[in-house]
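The lines below spell out each chain.
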Amino acid sequence: MASFVPVSPAPSTAAPPPPQSPHIHSSPATSLAPPISKLKTPTIRSRLSKICQEGQPHLARQLFDTITRPTTVLWNTIIIGFICNNFPHEAILLYAQMRKSSDYNKCDHYTYSSVLKACAETRNLRIGKAVHCHFIRCLSNPSRIVYNSLLNMYTACLSSVDGEMGSCKYFEIDYSRYDLVRKVFDTMRRRNVVAWNTMVSWYVKTERYLEAGRQFRMMIELGIRPSTVTFVNVFPAFSSLGDYKNANVLYGLLVKSGSKYVNDLFVMSSAIFMYAELGCVDFARKIFDSCLERNTEVWNTMISGYVQNNCYVEAIELFIQAIESDEIVLDDVTFLSALSAVSQLQQLDLGRQLHAYIIKNLAALPIIVLNAVIVMYSRCNCIHTSFKVFEKMQDRDVVSWNTMISAFVQNGLDDEGLMLVYEMQKQGFMIDSVTVTALLSAASNLRNQDVGKQTHAYLLRYGIQFEGMESYLIDMYAKSGLIRTSQHIFEENHTGDRDQATWNAMIAGYNQNGLIEEAFVAFRQMLEQNVTPNVVTIASVLPACNPIGNIELGKQLHGFSIRHFLDINVYVGTALVDMYSKSGVVNYAEKVFAKIPEKNSVTYTAMIVGYGQHGMSDRALSLFHSMKGCGVEPDAITFVAVLTACSYAGLVDEGLQIFDLMKREYKIRPSTEHYCCVADMLGRVGRVVEAYEFVKELGDEGNVMEIWGSLLSACRLHGQSELGEFVAKKLLEMDTTNRTSGYRVLLSNIYAEEGNWENVDKVRKEMKEKGLRKEIGRSWIEIGGNVNHFVSKDQEHLQSYEIYEMLEGLALDMKDSCYKARQKSNLDAISKFDE
């Protein structure tokens, strides 16, 4: 930015001094009297300038208006006074009055330079262009001061959406064909370092970083000595380009330029920022440590650099050093960086200490800091404290409301988030794109079509657009069961405009709604459109391999992940472990699991489930116990997986110990799934009565059909018909909808095994009256790259005749091997319920 130059000295307008008296020789006595000093009468300009310096430009203006014929210098003095006191609009109005005055005074270089500065501050491109035309007509040889101010005006106005460009942002304009700043620069016959600095800064603002670097190089080649501002302007160009090599060259040039540059705090702060942006946080720290003096900006830049590079512990350590240092006065930026680091570390105790320190050291907490405090408590899973902070805020902006709403949704309190949106509207705040994002996420989580549709309608009504909107809508409708609406939105979006997020949302939506073939078709189309899949794509499409039983396709996806270095991602790795486990290839799952560099609880759970499903209970338990040593804490789903593995293997005592460990050490409250596992575990080994007592002791918490259903299965397995009948009646009482067929089939099987055909017929009749049918099981096997599907009494397979002939042959072989089959009558009775 061009520096502002004061006006030139004005000729004196005061009256001439009176004539001096003739010189008289005095006696020695009289010579002791003090000499009479000459009094200087202040000029009108100096009086006006002093009043402006005292912060009263309007008073100076009143005095100025009393002057009959003000000179150009006096006009300039008032214009400059308004600008220096942050009244640029008044400065522009005074310039307009100056041009219209009857005794028109010719504007000089300082007039135009000052007014152009006012136009830059007000971002008024229209008036700025008019002033440009004025001085072209009135000045035969504009000075560098005027041109530097003109460059500054155009860069300021064109970088703003408030200028003549309307809503067209500067990075959307094709500056290769229309660049006013460049045109002005090219017309300058003499360019000093200020002009070059402005051009470098302009190219950085318009994200033309290569051109910014070229301008800097050209400036050096022309022998223009860079100033400290030059380095501050050019550092962001190399950091944005990721050009580490030339960044080192630039920093070397800075050091070579002398102590004036190295000791400039703004230059050092910019250098630290550049290396932090490049990911060279260690080198940034070396620069920080080399600073002889440090101000608040230098400390803040280094702390935020650590946060930006995920070095949260180092950020907190430096923040503590800042507290203990006398060099820094902590400000809002310091606290925001520290709060961000604590949020990422999710250290609640540290967060509380930081919050207390902020309250103690800030007389009034700014809204932006309170918003960050809300985020911090939310990320530390202390959502109730977040809401307390929100409630106590005396003033809230739209960011405050959005922060709290998003915190509710991200912590699973979707209903509370929706209620807060309603309250936000009542308080007169408008819903924006951030609010809409939270609303769509809440609708997706709740599977709430009504909320989703209303939000979508609001988007259309108010013309709200934001990045990723289509993917949010597709995800919301897919999770709400309206997959065809998702498909319609997806197809409306032009193929060439679809990004990864949109494709991923559609693929995941197909998969979630059981449309496996369509998920793979979308994945193939994504590849054809040259959109590179990412970790989310692979993690979304891999689960689709299991329902169709196509392990070869899963292997191809695995190969794609390896070639694109996606297999090391924890989400892709977990999906691969799950896919191979469910496909029966546990050894492949183990190999993938071993190669994942950073595993989370979901990864361990997937492997434990794989071991449990394939009867490898010892490995499942060993892997579970190894989690603590690896620093991974099991969650509720992990305990379901390991309890299921214990149940399959009949390891009751181990399972009960783990169940107690879950409650005692990990403070996880058991859910229905955990109770089902324990009941099933006891029932499988014949401890049916103990299982019944366990369920009964649960009280109302145990009145869940799944838990009693596990108990009914155990009764049938171990011939506990009397208890089974009691349990079945309990289930029928809980089935208020009368739509569940599985437990009735299980009860009929118990009756059939006892030969109680009267009760079998009774259950069959109830099922027919209520229109209940048992869900048909499906099996599949892959042979020669083709997946063959089967259901009970299937006649649709092309080789069904040969298959049944083979089954009959196997049955005869089993009889010859003394296999004791059940009575035919029982088999016939039961088979009727399998249809």
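Residues numbered from 1 in each chain as written. Predicted model: local features only at pLDDT ≥ 70, side-chain atom pairs only at ≥ 80, totals over all residues. Heavy atoms only, no water.

Draft legend 1. Layout of the overall build of the chain. Each helix and strand in the chain was counted, giving 45 helices and two strands. Of the contacts formed within the chain by residues at least 6 apart in sequence, a portion of 60% connects residues at least 24 apart. When the accessible area of the chain is evaluated, it comes to approximately 45100 Å², of which 52% is carbon and sulfur surface. (Helix = DSSP H or I, 4+ residues; strand = E, 2+ residues; numbered from the N terminus. Contact = heavy atoms within 4.5 Å. Areas by Shrake-Rupley, 256 points an atom, 1.4 Å probe, with all protein chains shown as cover.)

Draft legend 2. Examining helix α23 (residues 414–426) more closely. For α23, which comprises 13 residues, the first-to-last C-alpha distance of 19 Å matches the rise-based estimate of 18 Å (1.5 Å per residue) to within 8%. Taken as a whole, α23 has its buried residues at D414, G417, L418, L420, V421 and M424. All buried residues of α23 fall inside an arc of 160° around its axis, so they share one side. Across from the buried face of α23, at angles greater than 90 degrees, the exposed residues are M419, Y422 and K426. (Expected span 1.5 Å × (residues − 1). Buried < 20%, exposed > 50% of the residue type's maximum accessible area, 1.4 Å probe, protein only. Arc of directions from axis to C-beta.)

Draft legend 3. Molecular detail of the nonpolar core. In terms of nonpolar packing, the biggest core is built from 227 residues, with M153 and Y154 touching the most fellow members. Among the elements that make up this core, the one with the highest residue count is helix α7 (residues 144–158) (nine residues). (Core = buried A, V, L, I, M, F, W, Y, C linked by side-chain atoms within 4.5 Å.)

Draft legend 4. Up close: the side chain of S113. Tracing the sequence through the fold places S113 in helix α5 (residues 109–122). Taking the relative accessible area as the measure of exposure, S113 reaches 4% and is therefore buried. Excluding residues within four positions of it along the chain, S113 makes contact with I145 and S149.

Draft legend 5. Just the environment of M274, in detail. Note that M274 resides in helix α14 (residues 265–277). Owing to a relative accessible area of 0%, M274 belongs among the buried residues under this scheme. The contacts of M274, once residues within four sequence positions are left out, are F235, F238, S239 and A247.

Draft legend 6. Inspection of a nonpolar patch on the surface at higher detail. A cluster of nonpolar side chains, M806, L807 and L810, forms an exposed patch at the surface whose accessible area comes to about 300 Å². Tracing the sequence through the fold places M806 in helix α44 (residues 800–816). A relative accessible area of 55% means that M806 is categorised as exposed. (Patch = residues over 30% accessible without salt bridge, like charges linked within 9 Å, V, L, I, M, F, W, Y side chains within 5 Å. Salt bridge = Lys/Arg side-chain N within 4 Å of Asp/Glu carboxyl O.)

Draft legend 7. Highlighting the packing of aromatic side chains. Tallied over the entire structure, the rule returns 32 aromatic pairs. The interplanar angle of 80° and the centroid separation of 5.1 Å between the aromatic rings of F185 and W196 together place this pair among those described as edge-to-face. With F185 in helix α8 (residues 180–187) and W196 in helix α9 (residues 193–205), the pair connects residues that are eleven residues apart, well separated along the chain. Residues F185 and W196 agree in their burial class; the two are buried. (Phe/Tyr/Trp six-rings, centres within 6.5 Å; stacked < 30°, edge-to-face > 60°.)

Draft legend 8. Representation of unusual backbone geometry within the structure. You will see that N381, though not glycine, has its phi angle at about 60°, which is positive. Among the structural elements, N381 can be located in the loop between α20 (367–379) and α21 (383–392). N381 gets classed as exposed once you look at its relative accessible area, which sits at 62%. Here the phi dihedral of R447 falls at roughly 55°; this positive angle occurs in a residue that is not glycine. Tracing the backbone shows R447 in the loop between α24 (433–446) and α25 (449–462). Classification of R447 by relative accessible area gives partly exposed; the value is 48%.

Draft legend 9. Up close: the pattern of salt bridges. Using the criterion set out here, one finds 16 salt bridges in the structure. Taking the shortest distance from any N to any O, the salt bridge between E590 and R619 comes out at 2.7 Å. With E590 in helix α33 (residues 586–595) and R619 in helix α35 (residues 617–629), this residue pair connects regions lying 29 residues apart in the sequence. Note on E590: relative accessible area 23%, which makes it partly exposed. Here E690 and R687 are joined by a salt bridge, their closest N and O atoms 2.8 Å apart.

Draft legend 10. The state of the cysteines, seen in detail. Tallied over the full model, the rule gives zero disulfides. Summary of cysteine pairing: C52 is not part of a disulfide, and the nearest cysteine sulfur, belonging to C84, is at 8.1 Å. On the basis of relative accessibility, which here comes to 6%, the residue C52 falls in the buried class. For C646, which is in no disulfide, the shortest distance to another cysteine sulfur is to C677 and amounts to 9.4 Å. (Disulfide = S-S within 2.5 Å.)

Draft legend 11. Structural context of the side chain of S710. Locating S710 in the fold gives a position in helix α40 (residues 705–717). With residues up to four places along the chain from it excluded, the contact list for S710 reads C676, A679 and D680.

Draft legend 12. Here's a closer look at the environment of I668. Along the polypeptide, I668 turns up in the loop between α37 (652–664) and α38 (672–684). Residue classification places I668 among the buried positions, given a relative accessible area of 15%. Separated by 33 residues in the primary sequence, I668 and D635 place their C-alpha atoms 7.8 Å from one another. Each residue touching I668, except ones within four places of it in the same chain, is listed here: P634, D635, A636, F639, M662 and K663.

Draft legend 13. The confidence of the model for the chain, seen in detail. When pLDDT is averaged across the chain, the result is 83; 82% of the residues are at 70 or more. Counting interchain partners and residues more than four positions distant, the pLDDT-below-50 stretch residues 161–171 has 21 contacts. Contacts from residues 820–835, a stretch scored under 50 in pLDDT, to residues over four places away or in other chains number 24 contacts. (pLDDT = per-residue confidence, 0-100.)

Draft legend 14. Summary view of helix α3 (residues 72–84). The terminal C-alpha atoms of α3, which comprises 13 residues, lie 18 Å apart, in line with the 18 Å expected from a rise of 1.5 Å per residue. When you tally the buried positions in α3, you get twelve out of 13 residues, the bulk of the element. For α3, the set of buried residues is T72, V73, L74, W75, N76, T77, I78, I79, I80, G81, F82 and I83. Of the surrounding secondary structure, the elements contacted by the buried residues of α3 are α1 (44–53), α2 (57–65), α4 (88–100) and α5. One or two residues past the end of α3 sits N86, with phi positive at roughly 65°.

Draft legend 15. Structural view of the environment of F390. Inspection of the secondary structure assignment puts F390 in helix α21. Sequence separation of F390 and S400 is ten residues, and the distance between their C-alpha atoms is 7.5 Å. Excluding residues that lie within four positions of it along the chain, F390 makes contacts with I374, R396, S400, W401, M404 and L420.

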